[in-house]
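Topology and contacts: notes
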Amino acid sequence: MSIVPDPSTQASDSLPSTLTAQQWLAPPPPTVRATLSYLVPGDEKPVHYSYEPPPGEPWESGRYEETQISIGDARMLDGQPSIHREGFELWDAPTELRNYNDPDEIRRAYYPELEALATRVTGGRRAYVFDHLVRQRESDRGPLTFGRSQRGQHAAPNARIHNDYTEQSGRRRLSLVLGADISGGPMPRYCIINVWRSLRGPVLDTPLAICDARSVDASDLVEAEVRYPRRNGEIYLAVRAQRHSWWHYSGLDRHEALVFKQYDSRLSGVSRFVPHAAFLHPEAPADALPRISIEARCLVLMD
């Protein structure tokens, strides 16, 4: 369930926060005006590189419009959002993970925690975490972009409004995770979720904005290619629509997990896609520590 963080939990956190007691107790504004990066519609499929591109190739193609958007604080909602309705939920879910620089420890200690959480959140019967990504705000606090990473460095926060999976890549992920060809049998219902967590106390400088799935139409989503060193993936980018309803959780802390839907094989009656992006919070303290976060993707078999 969603909770208001307890400031006393920060005393034992090995990754300290810059929040003072006065800052912590001050009520956050219910809505902020911040810039989000929408795709400008075009004729060509956008391409993004997750690694340094070949000579002469840009890091990303396509044009983007920086748009001032009202982003509500979901902590102030009267009722709690639902993973299968709005497409996101906030859970109190402390973790034993300590060394986020050790991929083996993350897989050994963190993945089982997330799989247990995923079944509880979604009501699914089995969950499989299949990848994760640590993001760290650049020390120079440069402009937010696609979150590209230089070799040997963590990825940066991704400010392009996107959804991790498309209709096509969401369908393809099932066989990739289960490691078998399931085309000959009945397709189980499944969903893919993203579990997002701060690794450095309350997130103040570049929090994550999430879009209510009910406010997103298929016509708002544009397929884009993401090129990795050994494979290509496909995501959705988003074009601007006035109906979009944006939210964030103020001061998202290390003991909390933001869980949001990225794909659902069920075609109607449930949330399916939740576009999201990092943004610069206009109320962030000037001395806020750069954000460090971890996101993990998990496939959940629902039946």
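Conventions adopted
Per chain, residues are indexed from 1 in the order of the written sequence. Note on the predicted model: pLDDT of at least 70 is required for a residue's local features to be given, and 80 or more for side-chain atom pairs to be given and counted; whole-chain, interface and lining totals, by contrast, use all residues. Only hydrogens and water are removed before side-chain values are computed, so all heavy atoms of the structure are retained for them. Helix and strand definitions follow DSSP, with helices as H or I runs of at least four residues and strands as E runs of at least two, each counted in order from the N terminus. Each residue is assigned to one of three classes by its accessible area relative to the maximum for its type, calculated with a 1.4 Å probe on protein chains only: buried under 20%, partly exposed between the two thresholds, exposed over 50%. We call two residues in contact whenever any of their non-hydrogen atoms come within 4.5 Å of each other. Residue-level accessible areas treat just the shown protein chains as cover; the underlying method is Shrake-Rupley with a 1.4 Å probe. Two kinds of site are reported from a 1 Å grid over the protein atoms alone, namely cavities, where a 1.4 Å probe fits but cannot get out, and pockets, open sets with protein on both sides within 12 Å along at least five of seven lines, and residues are called lining when an atom falls within 4 Å of a point. Grid points are joined across faces, edges and corners, and a volume is the space filled by probe spheres set on the points. Lys, Arg, Asp and Glu make up the charged group, whereas Ala, Val, Leu, Ile, Met, Phe, Trp, Tyr, Cys and Pro make up the nonpolar group; the residues left over, Gly among them, are polar. What makes a salt bridge here is a side-chain nitrogen of Lys or Arg within 4 Å of a carboxyl oxygen of Asp or Glu, nothing more. Only buried residues count toward a nonpolar core. Its members are Ala, Val, Leu, Ile, Met, Phe, Trp, Tyr and Cys residues joined through side-chain atoms within 4.5 Å. Paired strands, as defined in this entry, are two strands with at least two bridges between them according to DSSP. For helices, the fitted axis covers only the stretch in contact; all axes are lines through C-alpha atoms, and the angles between them, taken along N-to-C directions, range from 0 to 180 degrees. Classification of ring pairs rests on two measures: the distance between centres of Phe, Tyr or Trp rings, Trp counted by its six-membered ring, which must be within 6.5 Å, and the angle between planes, read as stacked under 30 degrees, edge-to-face over 60 and tilted in between. What the arc describes is the spread of directions from the helix axis to the C-beta atoms.

1. Considerations on the overall build of the chain
- Looking only at helices and strands, one finds three helices and 14 strands in the chain.
- Out of the 303 residues belonging to the chain, those deemed buried represent 54%.
- Looking at the chain alone, contacts between residues at least 24 apart form 80% of all its contacts between residues at least 6 apart.
- A total accessible area of about 14,200 Å² is found for the chain, and carbon and sulfur atoms account for 49% of it.

2. Side note on empty space enclosed by the protein
- Under the defined criterion, the tally for this structure stands at three cavities of 30 Å³ or more.
- Of the voids in this model, the second largest cavity is the one considered here, and its volume is about 50 Å³.
- Surrounding the second largest cavity, Arg 135, Asn 158, His 162, Asn 194, Trp 196, Leu 208, His 276, Ala 278, Arg 291 and Glu 295 form its lining.
- At the level of secondary structure, the elements contributing two or more residues to the lining of the second largest cavity comprise β7 (190–198) and β13 (276–278).
- Broken down by class, the residue content of the lining of the second largest cavity amounts to three nonpolar, four polar and three charged.

3. Quick notes on the pattern of salt bridges
- Tallying each qualifying case throughout the model produces 19 salt bridges.
- Put simply, Arg 107 and Asp 104 hold a salt bridge, and the shortest N to O gap is 3.9 Å. Placement of both Arg 107 and Asp 104 in helix α2 (residues 103–122) is noted, with a separation of three residues, approximately one turn of the helix.
- Linking Glu 295 and Arg 297 is a salt bridge whose minimum nitrogen-to-oxygen distance equals 3.4 Å. With respect to burial, Glu 295 and Arg 297 carry one shared label: buried.
- Residues participating in the shared-partner salt-bridge network are Asp 131, Arg 135, Asp 164, Glu 295 and Arg 297.

4. A few points about the nonpolar core
- Within the largest apolar cluster, 27 residues are counted, with the highest numbers of intra-cluster contacts made by Leu 117, Ile 193 and Val 300.
- Residue assignment for this core shows that the elements contributing at least two residues are α2, β5 (126–136), β7, β12 (256–264) and β14 (292–301).
- With seven residues, α2 is the single largest residue contributor to this core.
- Residues Leu 36, Ile 71, Tyr 190 and Ala 209 belong to the second largest nonpolar core, which totals 26 residues.

5. Quick look at the pairing of strand β3 (residues 63–73)
- As judged from the 10 bridges shared by strand β1 (residues 31–40) and β3, these two strands associate in the antiparallel manner. Bridge pairing links Ser 37 to Glu 66 in β3.
- Bridging between β3 and strand β11 (residues 246–248) involves three bridges; their strand directions are parallel. In the strand pairing of β11, Ile 71 is matched with Trp 246.

6. Let's talk about the sheet that holds β5
- Strand order in the open sheet formed by five strands is β4-β12-β7-β14-β5, with antiparallel pairing between adjacent strands. The strands lining the two open edges of the sheet, one partner per strand, are β4 (88–92) and β5. Between one strand axis and the next, the sheet turns through 25 degrees on average, direction left out of account.
- Bridge analysis of β4 against β12 gives five bridges, and the strand direction is antiparallel. Across the sheet, Glu 89 pairs through a bridge with Val 259, a residue of β12.
- The sheet contacts of α2 involve β4, β5, β7, β12 and β14, and relative to β5 the element is tilted by about 125 degrees.
- Helix-sheet contacts for helix α3 (residues 167–178) involve β5, β7, β12 and β14, and the interaxial angle to β7 is about 90 degrees.

7. Here we look at the packing of aromatic side chains
- This structure, assessed with the given rule, holds seven aromatic pairs.
- An angle of 85 degrees between the planes, with centres 5.5 Å apart, marks the rings of Tyr 49 and Tyr 51 as edge-to-face.
- Look at Tyr 49 and you get buried, because its relative accessible area is 5%.
- Residue classification places Tyr 51 among the partly exposed positions, given a relative accessible area of 27%.
- When the ring of Tyr 236 is compared with that of Phe 273, the centres are 5.2 Å apart and the planes differ by 90 degrees; the resulting orientation is edge-to-face.

8. Describing α3
- All of the buried residues in α3 are Ser 169, Gly 170, Arg 173, Leu 174 and Val 177. Buried residues along α3 cover an arc of 160 degrees about the axis, so they all sit on one side.
- The inward-facing, buried residues of α3 abut β5, β7, β10 (232–238), β12 and β14.
- Note on α3: the residue one or two positions beyond its end, Gly 179, has a positive phi of about 70 degrees.

Bear in mind that shape data such as this cannot, by itself, settle questions of function.
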